[in-house]
Amino acid sequence: MKPTHCPPRHVDWASGTLRGEPLIRKTTRLGALAGVFADEHAWRQGDPELAVYTVEMFDSPSGEGELYTGVTHLNPGRVGDEFFMTRGHFHARREQGEVYFGLRGEGFLLLQDEQGQTRLEKVAAGSVHIIPGNTAHRLINTGTEILSALAVWPTTAGHDYASLAGGFAKRITTHNLQLMAKEVQNG
Ligand code: F6R
Ligand code: ZN
């Protein structure tokens, strides 16, 4: 007897494009990222309609034990001397972790614990990033191409952006074509 099966959802590993239903897509534009970049003047000079990143994800039932799968596509670009990045967040359910997989482009995953200790992991095609619970996370695109990363996380995790409204304790900038990591206080 032939095995019966449901057609699976699909990810194109090279581009991170997801195929399957139900698919949700949300684009975050420069104008929505108030307070995220250090150089407020440069941020105000930018086009508020400019797309900084798009998240595509398969919708899933909510509830304990369920998982979301999504891809973040982070465009290359800068605000002042700081690279484009996601807003970054703790999970509302702090204890819940997440796994990121680098698909294309190059950049960093910035991790920060509740004591404000940061660490950077290099993101590139094939990189695997296990984000423990109680750890805020942000993607930073330091390359010239789109940075795409696949993520899997509990549907119950939620987002807590407010706890980082003052900013992460580390910023990645470029000066004379050199990458710089800067420790900062209150973002
Ligand atoms: C979900 C997750 C990612 C991010 C996405 C956008 O827990 O970590 O799907 O939500 O990279 O970043 P934020 O949500 O910080 O704007
Ligand atoms: Zn997350």
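1. What to know about the site of ligand 1
Around ligand 1 lies a shell of 14 residues, among which Y53, T72, G88, Y100 and Y161 are the nearest. Measuring from an oxygen atom of ligand 1, one finds a side-chain N or O atom of Y53 at 2.5 Å. Here G88 contributes a backbone N or O atom positioned 2.8 Å from an oxygen atom of ligand 1. Taken by itself ligand 1 offers 390 Å² of open surface, and the protein chains cover 94% of this. When each cavity is represented as a set of grid points, ligand 1 is found to reside in the largest pocket. For the shell around ligand 1, the secondary structure elements donating two or more residues are β4 (51-58) and β8 (98-104). Classifying every residue of the shell around ligand 1 gives 5 nonpolar, 7 polar and 2 charged.

2. Observations concerning unusual backbone geometry
With an omega dihedral of -10°, the bond running from E21 to P22 counts as a cis peptide bond. In this structure, P22 sits in the loop between β2 (18-19) and β3 (23-29). Even without being a glycine, N176 presents a positive backbone phi close to 50°. By secondary structure assignment, the location of N176 is in the loop between β14 (170-175) and β15 (178-183). Not every positive phi belongs to a glycine, and L177 is a case in point at roughly 65°. Here L177 falls in the exposed class, since its relative accessible area comes to 85%.

3. Here's the deal with the sheet that holds β3
In a beta sheet, neighbouring strands are held together by backbone hydrogen bonds and run either parallel or antiparallel to one another. Spatially, the 6 strands line up as an open sheet ordered β3-β4-β5-β13-β8-β11, and their pairing is antiparallel. Here the strands that pair on one side only, and so sit at the sheet edges, are β3 and β11 (128-131). Pairs of neighbouring strands in the sheet enclose a mean axial angle of 20°, with direction left out of account. Here 8 bridges tie strand β5 (residues 67-74) to strand β13 (residues 147-154), and the two strands are oriented antiparallel to one another. When the bridges of β13 are listed, G70 appears paired with A151.

Rules and cut-offs
Residues numbered from 1 in each chain as written. Chains lettered and ligands numbered in written order. Predicted model: local features only at pLDDT ≥ 70, side-chain atom pairs only at ≥ 80, totals over all residues. Heavy atoms only, no water. Near = heavy atom within 4 Å. Polar contact = N/O pair within 3.5 Å; in protein donor to acceptor, adjacent residues only side chain to side chain. Areas by Shrake-Rupley, 256 points an atom, 1.4 Å probe, with all protein chains shown as cover. 1 Å grid on protein atoms, 1.4 Å probe; cavity = no way out; pocket = protein on both sides within 12 Å on 5 of 7 lines; lining within 4 Å. Sits in = over half its atoms within 2 Å of the grid points. Helix = DSSP H or I, 4+ residues; strand = E, 2+ residues; numbered from the N terminus. Nonpolar A, V, L, I, M, F, W, Y, C, P; charged D, E, K, R; others polar. Buried < 20%, exposed > 50% of the residue type's maximum accessible area, 1.4 Å probe, protein only. Pairing = 2+ DSSP bridges. Axes fitted to C-alpha atoms, helices over the stretch in contact; angles between N-to-C directions.

Nothing here speaks to function; it is all geometry.
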